[in-house]
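Here's the letter readout for the chains.
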Amino acid sequence: QARTGCNELRRIQNRFALWDTSQASMEIGEELYAIVSLAYPELAGKLVGMLLQLGEDECAACLESQEHLAKRLDEAMAILDRSQAATTAAAVARAHAASKATRPGKGGREEEKRVDLEDGIARNFGELQQLCAGRYSAAEVEAYWQSLPPLGTPAAAEARAR
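Fair warning: this is a prediction, and the values are worked out from it, not measured in the lab.

Definitions and cut-offs
- Residues numbered from 1 in each chain as written.
- Predicted model: local features only at pLDDT ≥ 70, side-chain atom pairs only at ≥ 80, totals over all residues.
- Heavy atoms only, no water.
- Helix = DSSP H or I, 4+ residues; strand = E, 2+ residues; numbered from the N terminus.
- Buried < 20%, exposed > 50% of the residue type's maximum accessible area, 1.4 Å probe, protein only.
- Contact = heavy atoms within 4.5 Å.
- Core = buried A, V, L, I, M, F, W, Y, C linked by side-chain atoms within 4.5 Å.
- Phe/Tyr/Trp six-rings, centres within 6.5 Å; stacked < 30°, edge-to-face > 60°.
- Arc of directions from axis to C-beta.
- Polar contact = N/O pair within 3.5 Å; in protein donor to acceptor, adjacent residues only side chain to side chain.
- pLDDT = per-residue confidence, 0-100.

Caption draft 1: Quick peek at the environment of valine 115. Note that valine 115 resides in strand E1 (residues 114-115). Relative accessible area serves as the criterion here: at 0%, valine 115 is assigned to the buried category. In this structure valine 115 touches Gly120, Ile121, Ala122, Leu148, Pro149, Leu151, Ala156, Ala159 and Arg160, once residues within four positions along its chain are discounted.

Caption draft 2: Summary view of the nonpolar core. Counting residues in hydrophobic clusters, the biggest one holds 18 residues, and the most contacted among them are Ile28, Leu32, Val36, Leu47, Leu51, Leu69 and Leu73. Sorting the residues of this core by element identifies helix H2 (21-39), helix H3 (44-52), helix H4 (56-64) and helix H5 (66-102) as the ones contributing at least two each. Contact partners of leucine 47, with chain neighbours within four places excluded, come to Val36, Tyr40, Leu73, Ala76, Met77 and Leu80. Phe125, Leu128, Trp145 and Leu148 belong to the second-largest nonpolar core, a separate cluster that totals six residues.

Caption draft 3: Focus on the packing of aromatic side chains. The full count for this structure, using the stated rule, is one aromatic pair. Taken together, a centroid distance of 5.5 Å and an interplanar angle of 80 degrees make the contact between phenylalanine 125 and tryptophan 145 edge-to-face. Placement of the pair is phenylalanine 125 in helix H6 (residues 125-132) and tryptophan 145 in helix H7 (residues 138-147), with a sequence separation of 20 residues. We note that phenylalanine 125, like tryptophan 145, is buried.

Caption draft 4: Quick look at H7. Among the residues of H7, those classed as buried are Val141, Glu142 and Trp145. Considered in projection along H7, the buried side chains sweep an arc of 100 degrees and stay on one side of the axis.

Caption draft 5: Structural context of the side chain of arginine 114. Here arginine 114 is to be found in strand E1. Overall, arginine 114 belongs to the buried group, its relative accessible area being 9%. A distance of 3.1 Å separates the side chain of arginine 114 from the side chain of glutamate 112, its partner in a polar contact. A distance of 2.8 Å separates a polar side-chain atom of arginine 114 from the backbone oxygen of tryptophan 145.

Caption draft 6: Main features of the confidence of the model for the protein chain. For the protein chain, per-residue confidence averages 79 on the pLDDT scale, and residues scoring 70 or more make up 78% of the total. Of all secondary-structure elements in the protein chain, the lowest mean pLDDT belongs to helix H1 (residues 2-15), at 66, while H3 reaches the highest, 92. The model gives residues 103-110 a pLDDT under 50, and that stretch makes 13 contacts with residues more than four places away or in other chains.

Caption draft 7: Summary view of the side chain of glutamate 58. Position of glutamate 58 among the secondary structure elements: in helix H4. We classify glutamate 58 as buried; its relative accessible area is 18%. Glutamate 58 has contacts with His68 and Arg72, leaving out every residue within four places of it along the chain.

As structure tokens, then:
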């Protein structure tokens with residue numbers, strides 16, 4: 001199959017020698033896509049785009065040698081994996097920052113109070129943490145805090161009246 005790709009590449013290169021290089025790149029890309037889509041159907045377009053950025057000579061080498069193509073595809077997949085990991089890490093950092101921003105007592109702000117649904121008492125986050133220490137995990141306390149109505153809302157007034 002590598003030989004067929006090599007012969008096909010030469011045919012394409014000869015046929016488009018007088019044409020614009022973008023047309024030749026498109027033909028090379030189509031050949032690569034036909035091969036790459038067999039192994040990575042969902043990522044074929046992305047992977048071929050990455051290969052085309054390496055240049056026509058590198059793409060020709062990929063069409064001539066399955067081993068060379070496999071090496072380049074492994075490199076491309078590693079780049080995509082790192083990119084996905086960085087995107088995930090950034091999303092986690094944003095979520096963490098948003099969680100801190102909604103948590104009272106941070107950044108010198110006046111502490112927000114929320115009404116505890118169990119006893120109707122308004123507490124800030126630190127007070128709730130102290131009350132729940134040793135009985136509930138930090139994640140459970142955080143989730144409970146997020147579910148409590150802020151002091152001054154109709155839901156808080158209703159909870160305090162119970």
